[in-house]
Amino acid sequence: MRIISLQSVGLGQLTQLHNENVYIPYWVAVGQPINSIFGNETGVKVIRIEDGDEWYTVYTSDGHWHIFPTNQYIAEWEGKHERD
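Note that the structure is predicted; figures quoted are calculated from it, not measured.

A. Focus on the overall build of the chain. Each helix and strand in the chain was counted, giving zero helices and seven strands. The linear arrangement of helices and strands in the chain, starting from the amino end, is β-β-β-β-β-β-β. Here the C-alpha coordinates of the chain stretch approximately 50 × 30 × 20 Å along the principal axes. In the chain, buried positions account for 21% of the 84 residues. For the chain, long-range pairs separated by at least 24 residues make up 35% of all intrachain contacts whose partners lie at least 6 apart in sequence.

B. The arrangement of the pattern of salt bridges in detail. Applying the stated criterion to the full structure yields two salt bridges. A salt bridge links Arg 2 to Glu 78; the nearest nitrogen and oxygen atoms lie 2.9 Å apart. Residue Arg 2 is found in strand 1 (residues 2-17), and its partner Glu 78 is found in strand 7 (residues 73-78); the two are separated by 76 residues along the sequence. For Arg 2, a relative accessible area of 43% corresponds to the partly exposed category. Note that Glu 50 and Arg 48 form a salt bridge whose closest N and O atoms lie 2.9 Å from each other. We classify Arg 48 as partly exposed; its relative accessible area is 37%.

C. Structural view of unusual backbone geometry. Within the chain, His 18 stands out as a residue other than glycine whose phi angle is a positive 55°. Examined against the element boundaries, His 18 turns out to sit in the loop between strand 1 and strand 2 (20-29). If you check the backbone angles, Asn 19 has positive phi at about 65° while not being a glycine. By secondary structure assignment, the location of Asn 19 is in the loop between strand 1 and strand 2.

D. The confidence of the model for the chain, seen in detail. Mean pLDDT over the chain works out to 87, with 90% of the residues at or above the 70 mark. Per-element confidence in the chain ranges from a low mean pLDDT of 84 for strand 3 (residues 33-35) to a high of 96 for strand 5 (residues 55-60).

E. Examining the sheet that holds strand 2 more closely. Ordered by their spatial adjacency, three strands build an open sheet running 2-1-7, and the pairing between neighbours is antiparallel. Two strands in the sheet have a free side with no partner beyond their single neighbour: strand 2 and strand 7. Neighbour to neighbour, the strand axes of the sheet diverge by 35° on average, direction disregarded.

Thresholds applied
Counting of residues starts from 1 at the beginning of each chain's written sequence and follows it residue by residue. Two thresholds apply to this predicted model, a pLDDT of at least 70 for residue-level local features and 80 or more for giving and counting side-chain atom pairs, whereas whole-chain, interface and lining totals are computed over all residues. As a rule here, side-chain values cover all heavy atoms of the structure and leave hydrogens and water aside. Note on conventions: DSSP H or I runs of at least 4 residues are helices, E runs of at least 2 residues are strands, and numbering of each starts at the N terminus. Each residue gets one of three labels from its accessible area relative to the maximum for its type: buried under 20%, exposed over 50%, partly exposed in between, using a 1.4 Å probe on protein chains only. It only takes one pair of heavy atoms within 4.5 Å for two residues to be counted as in contact. By salt bridge we mean one thing: a side-chain nitrogen of Lys or Arg within 4 Å of a carboxyl oxygen of Asp or Glu. Per-residue confidence from the prediction method is given by pLDDT, with values spanning 0 to 100. Strands pair, by our definition, only if DSSP identifies at least two bridges between them. To obtain an axis, a line is fitted to C-alpha atoms, over the contacting stretch when the element is a helix, and the angle between two such axes runs from 0 to 180 degrees between their N-to-C directions.

Printed below as a string of structure tokens:
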């Protein structure tokens with residue numbers, strides 16, 4: 001099994017959509033561009049996400065890695081579990 005995306009819990013952006021405030025959670029996914037904290041696309045893609053005890057490590061195409069706390073992000077997993 002591998003992690004294919006992370007979605008924030010309680011972190012994100014509040015924006016106006018059709019005259020209503022809408023909360024948009026911060027989201028990263030393997031193969032997708034990573035956005036800046038202002039929601040702008042950086043052109044740098046996520047290449048791998050690894051699970052740690054207290055954080056997720058997100059590796060990007062520019063050679064950097066980013067730390068996301070596990071208590072503030074929900075991981076989406078792909079693949080078969082060992083019991084399957």
